[in-house]
Amino acid sequence: MNTRAFRRSAVAVAAFSATAIVLAGCAGGGGEEPAGDSDEPVTLTIATFNDFGYTDELLQQYMDEHPNVTVEHTRAAESGDARSNYFAKLGKGGLADIEAVEIDWFAEAMQYSDMLAEAPDSVKGRWLDWKEAAATDADGRLVGFGTDIGPQGICYRADLFEAAGLPSDREGVADLFNGDWENFLDVADQYKEATGKPMIDSANSVLQGIVNQIEYTYTESDGTVIATSNPEIENAYKLVTERAIPNSAYSGQWSDDWFASMANGEFATMLCPGWMLGVISGNAADVTGWDIADVFPNGGGNWGGSYLTVPADGANVDAALALADWLTAPEQQMQAFAAAGTFPSQVEALESDELASATNEYFNDAPTGEILSTRAEAVTVAPYKDASYFKYHDALQNAVNRVFDGVEDEQTSWDTWVAEVEAF
Amino acid sequence: MTTTEARPVAPPAGSEPEARRVRVLSFSQKLSRWDLKFSPFLYISPFFIMFAVVGLFPIAYTAVISFMDWDLVRNEGEFIGIGQYVWLLQNPHFWAALRNTFSIFLLSSVPQLILAIFIAAMLDKNIRAKTFWRTSVLLPYVMAPVAVALIFSNMFGDNHGLVNNILTDLGLPAVQWHKEVFASHVAIATMVNFRWVGYNALILLAAMQAVPREYYEAATVDGAGGFRQFWSITLPSLRPTLIFVIITSTIGGLQIFDEPSQFDNTGEGGSAQQWLTISLFLYNIGWREWNFGRAAALAWILFLIILVIGLINLAITRRLVRDEGGRGVSPLKRGLFKKGAGR
């Protein structure tokens with residue numbers, strides 16, 4: 001793509017969108033580009049995955065406010081599917097007007113930031129600093145609209161905790177887990193002693209929790225690979241294989257067995273980013289007893305969160321930018337939070353009373369808005385995830401899987417992972 | 001269509017000796033000569049043009065990419081020689097994938113063919129509601145492979161799967177479908193078999209129906225029982241069809257992808273590559289790591305493997321059916337007389 005021509009049109013887009021926001025709802029936005037005429041009927045496609053909380057009602061609201069716009073929403077089951085599709089079509093056409101990108105592969109997308117439309121200046125500064133910084137490329141172009149973030153608390157089964165002789169009220173559990181990962185695993189040992197069952201849902205979620213607290217995990221910012229030499233990673237691996245595996249019901253998440261297990265009390269805790277609340281209540285609808293505590297081992301941790309991007313070669317770039325802007329505005333982020341638990345990444349939404357007073361009926365009426373806000377404040381590290389992050393992380397997860405499955409012992413599995421990394 | 005169009009121009013060809021004497025051809029004569037010579041090629045050319053565009057070109061292009069460090073999104077690459085091939089052949093994942101591919105292939109093709117022949121033989125009998133049974137064996141084939149894989153993955157769950165539930169209810173130990181190499185291959189082969197047995201059975205059934213009924217009558221008169229008839233008449237006459245079925249299932253088996261990729265939720269072929277197949281490995285290199293150069297190199301290696309296996313197949317089957325393949329009924333009769341009438 002011709003970058004200069006693109007830049008020029010991006011400036012026009014930015015300028016136009018700024019006007020469009022001021023004139024929101026009014027007809028005749030004008031501008032030099034006829035395609036941007038707000039009266040022209042336009043069909044916008046938006047592609048997301050999992051559950052972004054973009055309900056039909058929410059999108060209908062936009063269509064009511066903009067009668068010339070029709071929004072079509074497609075959802076991939078998993079972010080991995082969306083990822084394949086995204087990179088197969090980026091730069092070639094065929095993507096939706098607005099494409100969701102998950103934080104784990106956002107760095108990959110940022111390699112091609114010149115193929116994405118720039119967000120209007122008017123939206124800059126409305127997100128949390130680190131959320132926005134990650135979506136700004138070396139040229140200072142903001143190419144992603146932050147949707148949610150994933151500050152984590154700990155979800156637990158109050159009934160199972162009580163049966164195990166542990167405190168079961170929210171504050172008691174928060175005190176119990178207040179500390180580092182060692183402490184978390186001590187409690188898991190205690191639970192196992194009392195009940196004979198594992199406390200944690202999966203060993204790899206513990207690994208994920210730890211890894212998301214490390215700034216440079218597998219590569220340094222200059223591209224140096226530190227995956228196997230990083231003592232933090234080695235310690236995390238040791239802690240997980242030695243202590244988390246005996247206390248975990250599963251090796252990894254998202255398997256059929258794991259989904260089925262949320263309802264039947266095979267384990268008692270899960271590390272819970274906001275979006276996980278919907279996963280639990282969706283898969284264990286009949287279970288009472290799930291609750292969420294305002295605590296996380298070793299302080300705070302962010303797991304997941306996404307961006308909306310607008311491919312620059314789309315047919316309706318201007319209109320798509322306007323919709324992405326609207327969808328990630330504070331009011332809409334709050335609606336998405338209410339619908340799917342996706343925790344807002346906008347400063348204004350985070351400060352809103354609505355968020356502060358949000359509760360979740362399924363989780364024993366827990367004040368989830370307040371709890372997750374505290375958890376978000378506790379996040380101090382934004383892990384550096386470059387384009388090869390996936391490759392390394394998948395391989396390390398597999399190392400944990402092998403130990404869990406008894407296919408290889410701890411040391412052999414580590415050696416295999418080292419060999420794999422060297423082979424990359 | 002083409003033949004009827006070609007016919008009217010044929011007569012001039014008959015008068016060719018005369019044309020040769022005259023030496024000077026009128027334009028229309030020339031035209032009809034050209035027509036005779038080139039029309040057939042023209043008529044069959046669409047296939048070859050299509051093949052060149054959608055078949056040869058991708059194969060050649062893949063070969064080019066396999067020598068490059070390729071960026072899919074920007075569609076550009078840098079020439080780096082045979083590095084990708086070396087990397088692959090040194091990678092233990094590749095050898096694990098090769099082992100799994102052949103293991104799953106054998107576990108699926110062999111029982112599948114035996115079962116398909118058996119089912120076809122049953123359907124060939126004079127049973128009630130023939131069409132119903134024949135249609136229903138094809139049903140699994142109609143199902144989307146991913147749907148089949150989803151259902152079976154659920155059945156082969158380690159903790160809550162149907163199969164293990166039944167096993168433990170019977171007091172047997174649960175099988176670790178997603179941990180043990182052999183168990184995972186059995187589970188995946190089961191999915192493949194479920195889908196393809198009916199398809200192969202129908203092809204074999206068609207071949208069975210082509211066997212003249214007189215042979216069976218003669219055999220019955222001679223006092224041969226059902227099994228003997230199957231062994232001495234049905235099986236020998238199935239040989240050419242069996243070869244076809246074996247070759248297609250070999251190609252399919254070596255490219256197996258859907259079932260192993262849907263066998264767990266990550267699609268990586270297991271934590272220790274228990275059920276990683278070559279196609280799955282290829283996909284993961286390409287679409288997970290975006291390394292299209294390496295993926296292209298692997299595609300070519302897979303292509304060569306299939307080619308070699310195909311040639312071995314051909315050599316073996318040629319020996320097996322040296323005097324029988326595709327020459328109509330006479331060699332068949334010879335086989336029959338040798339085995340049937342000799343008794």
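Keep in mind that what you see is a predicted model, and the values were worked out from it rather than measured.

### Some thoughts on the overall build of chain B
And then number 1: Looking only at helices and strands, chain B has 16 helices and two strands in total.
And then number 2: Among the 343 residues that make up chain B, the fraction classed as buried is 39%.
And then number 3: Taking the intrachain contacts of chain B between residues at least 6 apart in sequence as the baseline, contacts between residues at least 24 apart amount to 66%.
And then number 4: For chain B, the exposed surface amounts to about 19,500 Å²; the carbon and sulfur share of it is 68%.

### With respect to the interface of chain B and chain A
And then number 1: Contacts between the two partners involve 29 residues from chain B and, on the opposite side, 31 residues from chain A.
And then number 2: Taking both sides of the interface into account, the surface hidden between chain B and chain A amounts to around 2,400 Å²; carbon and sulfur atoms contribute 45%.
And then number 3: By the criterion of area lost to chain A, the three top residues of chain B are Val73(B), Asn265(B) and Ser271(B), representing 26% of everything that side buries.
And then number 4: Linking chain B to chain A there are one salt bridge.
And then number 5: Here Arg288(B) makes a salt bridge to Asp394(A), at a shortest N to O gap of 3.8 Å.
And then number 6: Across the contact surface, chain B and chain A share nine residue pairs in polar contact (both at pLDDT 80 or more).
And then number 7: Listed by contribution, the elements that provide at least two residues to the side of chain B that touches chain A are helix 8 (145–155) and helix 14 (278–288) of chain B.

### Considering the pairing of strand 8 (residues 290–293) of chain A
All names here are of chain A.
And then number 1: Residues Trp 290 and Ile 292 point to one face of strand 8 and Asp 291 and Ala 293 to the other, with burial holding for every one of them.
And then number 2: Two elements, strand 4 (residues 145–157) and strand 8, share four bridges in a ladder whose sense is antiparallel. Its bridge partner lying in strand 8, Tyr 156 is registered against Asp 291.

### Regarding the confidence of the model for chain B
Residue and element names in this part refer to chain B.
And then number 1: Overall, the prediction assigns chain B a mean pLDDT of 82, with 86% of residues at 70 or greater.
And then number 2: Across residues 1–15 the pLDDT falls below 50, and counting only partners more than four positions away or on other chains, this stretch makes five contacts in the model.
And then number 3: Here residues 323–343 is a poorly scored stretch, pLDDT under 50, and it has 19 contacts once near neighbours within four places are set aside; other chains count.
And then number 4: Note on the complex model: pTM 0.76, ipTM 0.73.

### A short note on the domain arrangement of chain B
You'll often see interface size given as the accessible area lost when the parts meet.
All names here are of chain B.
And then number 1: Along its sequence, chain B is organised into domain 1 (32–79) and domain 2 (84–334).
And then number 2: The C-alpha centroid of domain 2 is placed 31 Å from the C-alpha centroid of domain 1.
And then number 3: Each partner contributes residues to the interface: domain 1 has ten residues there, and domain 2 has ten residues.
And then number 4: Between domain 1 and domain 2, a total of about 790 Å² is buried, with carbon and sulfur atoms accounting for 71% of that surface.
And then number 5: If you look at where domain 1 meets domain 2, you find zero salt bridges.
And then number 6: Summed over the shared surface of domain 1 and domain 2, the result is three residue pairs in polar contact (both at pLDDT 80 or more).
And then number 7: Breaking the side of domain 1 that touches domain 2 down by element, the ones donating at least two residues are helix 4 (27–65) and strand 1 (68–71).
And then number 8: With four residues, helix 4 is the single largest residue contributor to the side of domain 1 that touches domain 2.
And then number 9: Looking at the side of domain 1 that touches domain 2 residue by residue, the class counts come to seven nonpolar, two polar and one charged.

### Brief notes about the packing of helix 9 (residues 203–211) of chain A against helix 18 (residues 389–405) of chain A
Helix packing geometry: the angle between the two helix axes and the distance between the axes.
Residues and elements named next belong to chain A.
And then number 1: Packing of helix 9 against helix 18 leaves a shortest axis separation of 10 Å and a crossing angle of 140°. As the angle between them shows, helix 9 and helix 18 are arranged oblique. Where helix 9 crosses over helix 18, the handedness of that crossing is right-handed. Contacts from Ala 203, Asn 204, Leu 207, Gln 208 and Val 211 of helix 9 reach helix 18 at Tyr 389, His 393, Leu 396, Gln 397, Val 400 and Asn 401.
And then number 2: In terms of residue class, the contact of helix 9 with helix 18 is built from six nonpolar, five polar and no charged.

### What about unusual backbone geometry?
And then number 1: Of note in this structure, Asn364(A) is not a glycine but carries a positive phi near 55°.
And then number 2: Within the secondary structure layout, Asn364(A) lies in the loop between helix 16 (353–356) and helix 17 (368–378).
And then number 3: Positioned with a positive phi, Trp290(B) is a non-glycine residue whose angle comes to about 55°.
And then number 4: Counting through the fold element by element, Trp290(B) comes out in the loop between helix 14 and helix 15 (292–320).
And then number 5: Taking relative accessible area as the criterion, Trp290(B) reaches 14% and is therefore assigned buried.

### Describing the state of the cysteines
Disulfide: a covalent bond formed between the sulfur atoms of two cysteine residues.
All names here are of chain A.
And then number 1: Following the criterion strictly, the structure yields one disulfide over all chains and no others.
And then number 2: Here Cys 155 engages in a disulfide with Cys 272; their sulfurs sit 1.9 Å apart. Disulfide Cys 155 to Cys 272: torsion about the S-S bond roughly -110°, handedness left-handed. One end of the pair, Cys 155, is in strand 4; the other, Cys 272, is in strand 7 (residues 269–273), and 117 residues separate them in sequence.
And then number 3: Judged by relative accessible area, which is 0%, Cys 272 ranks as buried.

How each quantity is defined
- Residues numbered from 1 in each chain as written.
- Chains lettered and ligands numbered in written order.
- Predicted model: local features only at pLDDT ≥ 70, side-chain atom pairs only at ≥ 80, totals over all residues.
- Heavy atoms only, no water.
- Helix = DSSP H or I, 4+ residues; strand = E, 2+ residues; numbered from the N terminus.
- Buried < 20%, exposed > 50% of the residue type's maximum accessible area, 1.4 Å probe, protein only.
- Contact = heavy atoms within 4.5 Å.
- Areas by Shrake-Rupley, 256 points an atom, 1.4 Å probe, with all protein chains shown as cover.
- Buried area = accessible area lost by both parts, 1.4 Å probe.
- Salt bridge = Lys/Arg side-chain N within 4 Å of Asp/Glu carboxyl O.
- Polar contact = N/O pair within 3.5 Å; in protein donor to acceptor, adjacent residues only side chain to side chain.
- Pairing = 2+ DSSP bridges.
- pLDDT = per-residue confidence, 0-100.
- Domains from an automatic or database assignment.
- Nonpolar A, V, L, I, M, F, W, Y, C, P; charged D, E, K, R; others polar.
- Axes fitted to C-alpha atoms, helices over the stretch in contact; angles between N-to-C directions.
- Parallel < 35°, antiparallel > 145°, perpendicular 65-115°, else oblique.
- Left-handed = near helix turned anticlockwise from the far one by under 90°.
- Disulfide = S-S within 2.5 Å.

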